[in-house]
Each structure stands twice: as structure tokens, then as C-alpha cells.
Amino acid sequence: CPLILPVGTTFFCFALIVYKKQVLYVYQPVYESGGAMFPTALQRTLFGLFCGQLTMIGYLFTRGFYHQPIFLLPLPVATIWGTGYFSRHYAKPSTRLSLERAREYDRISEILAMNKISARMDELDEEAREVEFGIEGRRVQFDKNSYRQPVLTQGPMFPRPYRWEQPDPLADECKERIRSLRDYRLMEERNTNQ
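Turning our attention to the overall build of the protein chain. A count of helical and extended segments in the protein chain gives 8 helices and 0 strands. Shown N-terminal to C-terminal, the secondary structure of the protein chain runs as helices and strands in the order α-α-α-α-α-α-α-α. Each of the 194 residues in the protein chain was classed as buried or not, and the buried ones make up 9%. Accessible surface, the protein chain: about 17,800 Å² in total, of which carbon and sulfur atoms supply 62%.

With that settled, consider the packing of aromatic side chains. Overall, the coordinates contain 5 aromatic pairs when judged by the stated rule. Between the aromatic rings of Tyr-85 and Phe-86, the centroid separation amounts to 6.0 Å while the plane-to-plane angle is 70 degrees, which identifies the pairing as edge-to-face. For Phe-86, a relative accessible area of 31% gives the class partly exposed. One aromatic cluster is present, formed by Trp-81, Tyr-85, Phe-86 and Tyr-90 through successive ring pairs.

Let us now look at the side chain of Thr-79. Looking at the element boundaries, Thr-79 is found in helix α4 (residues 74–94). You can call Thr-79 buried: its relative accessible area is 8%. If we skip the residues at most four places from it in the chain, Thr-79 touches Leu-46, Leu-49, Phe-50 and Gln-53.

A word on the pattern of salt bridges. Throughout the structure, instances matching the rule amount to 2 salt bridges. Note that Glu-173 and Arg-177 form a salt bridge whose closest N and O atoms lie 3.1 Å from each other. Within this pair, Glu-173 and its partner Arg-177 are both found in helix α8 (residues 169–193), separated by 4 residues, close to a single helical turn. Taking the relative accessible area as the measure of exposure, Glu-173 reaches 39% and is therefore partly exposed. Since its relative accessible area comes to 54%, Arg-177 is described here as exposed. Between Arg-179 and Glu-176 there is a salt bridge; the shortest N-O distance is 3.3 Å. Residue Arg-179 and its partner Glu-176 are located together in helix α8, separated by 3 residues, close to a single helical turn. Taking the relative accessible area as the measure of exposure, Arg-179 reaches 42% and is therefore partly exposed. What makes Glu-176 partly exposed here is its relative accessible area of 45%.

Conventions we followed
Residues numbered from 1 in each chain as written. Predicted model: local features only at pLDDT ≥ 70, side-chain atom pairs only at ≥ 80, totals over all residues. Heavy atoms only, no water. Helix = DSSP H or I, 4+ residues; strand = E, 2+ residues; numbered from the N terminus. Buried < 20%, exposed > 50% of the residue type's maximum accessible area, 1.4 Å probe, protein only. Areas by Shrake-Rupley, 256 points an atom, 1.4 Å probe, with all protein chains shown as cover. Phe/Tyr/Trp six-rings, centres within 6.5 Å; stacked < 30°, edge-to-face > 60°. Contact = heavy atoms within 4.5 Å. Salt bridge = Lys/Arg side-chain N within 4 Å of Asp/Glu carboxyl O.

Listed below in C-alpha cells is the structure:
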């Protein structure tokens, strides 16, 4: 049993180095939530901690230890206070957009809307030329297929002709090239053998 401890420690030390590098430099997240899940995860973690503390206090009482649980009673109270503190100072403010961030988003969306509308002005008729910037500009800029899966936005696909047992010119061309390469290789082998 003591012999496995250094081997396990070595393995997990190297695994920490390897996985940390992979997470930081190799894998690229496909999405970014911007910390939207953190308040929920923290609240549930603190709830689990609270349940664990109550379980430990109850277990100590059932085993006949009466002095230790008295010293542990402040822990659940502190956990509940910490949950309320995080909710007031982090969770609720994170649901609102700061004025500085909102102003920056508006500035960027105005620039994008002006670029997109000016690029489309040549294609639009006279009625669409009177589009205002702001919400109307964002509506023109919005692409309805942005949040759809690519499979749902692409056109219908038809099977290749060889699937219908019809002649396929592309497959015939490939077969012909393979035959010519095979003939060329056989000719090369004959020349080297002579």
C-alpha cells in the first residue's frame, strides 16, 4: 500500500501539468457563457456544503459526541450568510448590464449597423433607404439563420448518381485514372526488370 503512494502522486502531478496545458492552450471552447452559470453553481455548491455540515453535526450527536457539534453550529450559519452575501454582491448585479458596458455595446452595434446598412443600400429600394439606425438598423443587420443548425439552413441534398445505379461521370473518371496509374506502374516495373 505505501508503494503505490509515490507512483500515484507522480502520475497525478504529471497529469496536472499535462491537463492544465491542454485546457489553457490546446482546447478552444466553442462557446463562452460569460460567467452566467457561476451564480447557480456557487449557490448549489454552498447548499451542498450546508447539507454536509448539518449531516456531520447530526452524525456526531448520534455517536455520542455532544461537545464537538456545539462548536460546529456556527458553520451552517456562516454558510447561509455567505450564500446571501454572494447573492447580493455578485449574482444580482451580474444580471444587470453596467452603464459603461451598455454604452460600449451600443457604440459597437451602431458601427456594425452602419457598415451593414451602407453595404446593403445599393441592393435595397427607396423605401428601405430610409431605415434609421438603432433598433431598425439591428433588425436589418440580424440574420435569422444565425442561431440555427447548419443542417437546417442548407438546401436539400440529393444522392450521387451511382447510388441510383446510374452512370456517374466523376466515378468513371476516377476509375480511368486508377487504371492509367496501374498501367504506368506495370510499365515502370517492366522497364526496371529489363
